[in-house]
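Structure at a glance
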Amino acid sequence: MQKLTDHSVTFRSHLNGDLVELTPEKSAEIQQAIGSDIAMVLDECLALPNTEKELERAVHRSFEGEALSRSPPTFYSKDFWNCSGRNFAGLYARRV
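Residues numbered from 1 in each chain as written. Predicted model: local features only at pLDDT ≥ 70, side-chain atom pairs only at ≥ 80, totals over all residues. Heavy atoms only, no water.

**Focus on the overall build of the protein**
How we decide: Counting from the N terminus, the helices are DSSP H or I runs at least four residues long and the strands are E runs at least two residues long. Partly exposed residues are those whose accessible area sits between 20% and 50% of the maximum for their type, while under 20% is buried and over 50% is exposed, using a 1.4 Å probe and protein chains only. Residue contacts are defined here by distance: any two heavy atoms, one from each residue, within 4.5 Å place the two residues in contact. For the accessible areas, the method is Shrake-Rupley and the probe is 1.4 Å, while residue cover comes only from the protein chains on display.
Regarding its fold elements, the protein presents three helices and five strands. When the helices and strands of the protein are listed from N to C terminus, the series reads β-β-β-α-β-α-β-α. Looking at the protein as a whole, 31% of its 96 residues qualify as buried. Pairs at least 24 apart in sequence give 48% of the contacts found in the protein among residues at least 6 apart. If you sum the accessible surface of the protein, you get close to 6,600 Å²; carbon and sulfur atoms cover 56% of it.

Below you can see the structure in the form of C-alpha cells.
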C-alpha cells in the first residue's frame, strides 16, 4: 500500500508492517543521520510512457521536495539528486 501526496508518501514497512509517513524533510534528516554521501530527493518515479501532464506533476513534486529537503541547515552543502525528470530536458528547463 502506498499513498502519495504533495507533502509526503505513506507506506507499510517491509520489516514489521507499521504505517510509515515520509516527508522530504524527514528523508533529508534520515540521510544526514546515517552520514549519506549522496542525498536523494523523495521522488515519484512514474511508469513510462506517461502523459506530459503527469510527468510535469511528478517533476514539480520532486523540485518542491528538493527545496524542503534543504531545510536542515547542516544539510545545505549536499547536492540532492532526483530521477523523475532527468530524461525530459523540456520539463527541467521549465522548472525555473
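**So, the pattern of salt bridges**
Worth spelling out the cut-off: Take a side-chain nitrogen of Lys or Arg and a carboxyl oxygen of Asp or Glu: if they are within 4 Å of each other, that pair is a salt bridge.
Enumeration according to the criterion identifies four salt bridges in this entry. One salt bridge connects Asp 6 with Arg 61, and the closest N-O pair in it is separated by 2.7 Å. Taken together, the positions of Asp 6 in the loop between strand S1 (2-4) and strand S2 (9-12) and Arg 61 in helix H2 (residues 52-69) put the pair 55 residues apart, joining distant regions of the chain. By relative accessible area, Arg 61 is classed as buried at 18%. The salt bridge involving Arg 57 is made with Glu 54; its shortest N-O contact spans 2.5 Å. Residue Arg 57 and its partner Glu 54 are both found in helix H2; the two are separated by three residues, about one turn of the helix. Of the residues examined, Arg 57 reaches a relative accessible area of 28% and is grouped as partly exposed. A single salt-bridge network, built from bridges that share partners, covers Asp 6, Glu 44, Glu 54, Arg 57 and Arg 61.

**Remarks on the pairing of strand S3 (residues 19-22)**
What counts, and what does not: When DSSP locates at least two bridges between a pair of strands, those strands are taken to pair.
Note that S2 and S3 share four bridges and pair antiparallel. Bridged to Thr 10 within S3 is Glu 21. Linking S2 to S3, which pair antiparallel, is a turn of six residues; within it Gly 17 sits at a positive phi near 80 degrees.

**Focus: H2**
We count it as follows: Each residue after the first adds 1.5 Å to the expected span of a helix.
Here H2 contains 18 residues, and its C-alpha end-to-end distance of 25 Å stays within 8% of the 26 Å for a straight helix at 1.5 Å per residue. Residues of H2 that are buried: Leu 55, Ala 58, Val 59, Arg 61, Ser 62, Phe 63, Gly 65, Glu 66 and Ser 69.

**Description of the sheet that holds S1**
Defined as follows: Lines fitted to C-alpha atoms define the axes here, with helix axes fitted over just the stretch in contact, and angles between the N-to-C directions of these axes take values from 0 to 180 degrees.
Across the sheet, which stays open at both edges, the three strands sit in the order S1-S2-S3 with antiparallel pairing between neighbours. At either margin of the open sheet sits one strand with a lone partner, and together these are S1 and S3. Pairs of neighbouring strands in the sheet enclose a mean axial angle of 15 degrees, with direction left out of account.

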